[in-house]
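Overview (structure and organization)
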Amino acid sequence: MTRDPGAQPERTRLAWRRTTLSFALVVALAGRGVATAEGARGAGALLVATTALLWVAFLALAHHRIRTLTAHRQPPPAGATVPAATAVVAATALCAGALLAGPW
Amino acid sequence: MIRKVLDTVRLWFSPQRLRAEGVTPDYRFSLANERTFLAWLRTALALLAGGIAVDQFLTDLRWAVRTTIALVLLAGGALCAIRAVNHWVRSERAMRRGDDLPASRFPALLAIGTVLTALLVIGAVLLGRAGA
């Protein structure tokens, strides 16, 4: 089996990986805000927990896509994974917006 | 206009409708389009991180100023994410139909928005310094 000269599936796999990593940074930053806040922070912690869950959802999407990219020599287009990934990021934006209303 | 928007939104969520159009392009083009989408998604995430960082680190600014800048960044992030999927679907469709790739004003608008936000932050920090 000859490798694709452009290493396209590998590059796309790594793109998913680094996007997941960027997302993790956003969650960590949001977590930092709640961890350093003074006083009651129940709602803030809940919002950060939601962003963490959204990150896990993104991780699952990325993992699924990476497996597809690895399994096929000519992988099919991303299809529904793309709008799903967008929805997860948009939901994270909403959570971050709600966090602004704090300190919770 | 609204019809057109609804049509595009429907297309985001129905890749099988996309597949009914034209011919499947070389898989490498689709993967390149996917990576472009992910790059835009990272831009969106970077804007979200920026918004959260402004709220956490520019605590010397007045609450209203700080929250406005943070909200602008967060809204920009959400906009980038939506634009990412929209551009992906339009490029994919153009490739299937053999059309030219869609032209877009969005990068220019994003650049201008970034400059304005930077100026706003610089102004706010300088004024805060002067007031202190």
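Conventions used here
Residues numbered from 1 in each chain as written. Chains lettered and ligands numbered in written order. Predicted model: local features only at pLDDT ≥ 70, side-chain atom pairs only at ≥ 80, totals over all residues. Heavy atoms only, no water. Salt bridge = Lys/Arg side-chain N within 4 Å of Asp/Glu carboxyl O. Helix = DSSP H or I, 4+ residues; strand = E, 2+ residues; numbered from the N terminus. Buried < 20%, exposed > 50% of the residue type's maximum accessible area, 1.4 Å probe, protein only. pLDDT = per-residue confidence, 0-100. Axes fitted to C-alpha atoms, helices over the stretch in contact; angles between N-to-C directions. Parallel < 35°, antiparallel > 145°, perpendicular 65-115°, else oblique. Contact = heavy atoms within 4.5 Å. Buried area = accessible area lost by both parts, 1.4 Å probe. Polar contact = N/O pair within 3.5 Å; in protein donor to acceptor, adjacent residues only side chain to side chain. 1 Å grid on protein atoms, 1.4 Å probe; cavity = no way out; pocket = protein on both sides within 12 Å on 5 of 7 lines; lining within 4 Å. Points joined across faces, edges and corners; volume = space filled by probe spheres on them. Nonpolar A, V, L, I, M, F, W, Y, C, P; charged D, E, K, R; others polar. Phe/Tyr/Trp six-rings, centres within 6.5 Å; stacked < 30°, edge-to-face > 60°. Lys NZ or Arg CZ within 6 Å of the ring centre and 35° of its normal.

**Let's talk about the pattern of salt bridges**
Using the criterion set out here, one finds five salt bridges over all chains in the structure. Its salt-bridge partner being R65(A), residue E34(B) comes within 2.7 Å of it at the nearest N-O pair. Here E34(B), found in helix α3 (residues 27–57), pairs with R65(A), found in helix α2 (residues 42–71), and the two come from separate chains. Both residues of the pair, E34(B) and R65(A), belong to the buried class.

**Here's the deal with the confidence of the model for chain B**
Across chain B, the average pLDDT comes to 88, with 98% of residues at or above 70. Helix α2 (residues 15–19) of chain B is the least confidently modelled element of chain B, averaging 75 in pLDDT, while α3(B) averages 94, the highest of any element.

**Some thoughts on the packing of helix α1 (residues 2–13) of chain B against helix α4 (residues 63–97) of chain B**
Residue and element names in this part refer to chain B. Packing of α1 against α4 brings their axes to within 10 Å, and their N-to-C directions diverge by 85°. Classified by the angle their axes make, α1 and α4 are roughly perpendicular. Counted together, T8, L11 and W12 of α1 and I82, V85, N86, V89 and R93 of α4 form the full contact between these two elements.

**Observations concerning the environment of A111(B)**
All names here are of chain B. In this structure, A111 sits in helix α5 (residues 106–131). With a relative accessible area of 41%, A111 lands in the partly exposed category. Between the C-alpha atoms of A111 and W40, which are 71 residues apart in sequence, the distance is 13 Å.

**Some remarks on the interface of chain B and chain A**
The interface of chain B with chain A comprises 34 residues on the first partner and 37 residues on the second. Roughly 3,200 Å² of surface becomes buried between chain B and chain A when both sides are summed, with 73% attributable to carbon and sulfur atoms. Per-residue buried area on chain B facing chain A is highest for Y27(B), R35(B) and L45(B); these three make up 21% of the total on that side. Across the contact surface, chain B and chain A share one salt bridge. One can count eight residue pairs in polar contact (both at pLDDT 80 or more) joining chain B with chain A.

**Quick word on the side chain of D55(B)**
Topologically, D55(B) is positioned in helix α3. With near-sequence residues (within four places) excluded, D55(B) lies in contact with L100(A), R66(B) and A70(B).

**Considering empty space enclosed by the protein**
Enumeration according to the criterion identifies two cavities of 30 Å³ or more in this entry. The space that makes up the largest cavity amounts to roughly 60 Å³. The wall of the largest cavity is formed by P77(A), G79(A), P15(B), L18(B), R19(B), W88(B), E92(B) and R96(B). Mapped onto the lining of the largest cavity, the elements with two or more residues apiece are α2 and α4 of chain B. Here the lining of the largest cavity is built from residues that sort into four nonpolar, one polar and three charged. In this model, the second largest cavity occupies a volume close to 30 Å³.

**Some remarks on the packing of aromatic side chains**
Within this structure, the stated rule accounts for three aromatic pairs over all chains. Geometrically, the ring pair formed by W16(A) and F58(A) is tilted, given 5.9 Å between the ring centres and 45° between the ring planes. Remark: F58(A) occurs in helix α2 and W16(A) occurs in helix α1 (residues 8–36); sequence separation between them is 42 residues. The pair formed by W16(A) and F58(A) is uniform in burial state, with each residue classed as buried. When the centroid spacing of 5.3 Å and the interplanar angle of 65° are considered together, the rings of F23(A) and F58(A) count as edge-to-face. Of this pair, F23(A) sits in helix α1 while F58(A) sits in helix α2, and the two are 35 residues apart along the sequence. Take F23(A) and F58(A): they sit in the same class, and that class is buried. Cluster of aromatic residues (ring-pair linked, three or more members): W16(A), F23(A) and F58(A). We note R83(B) situated over the ring of W40(B); from NZ or CZ to the ring centre the distance is 4.4 Å.

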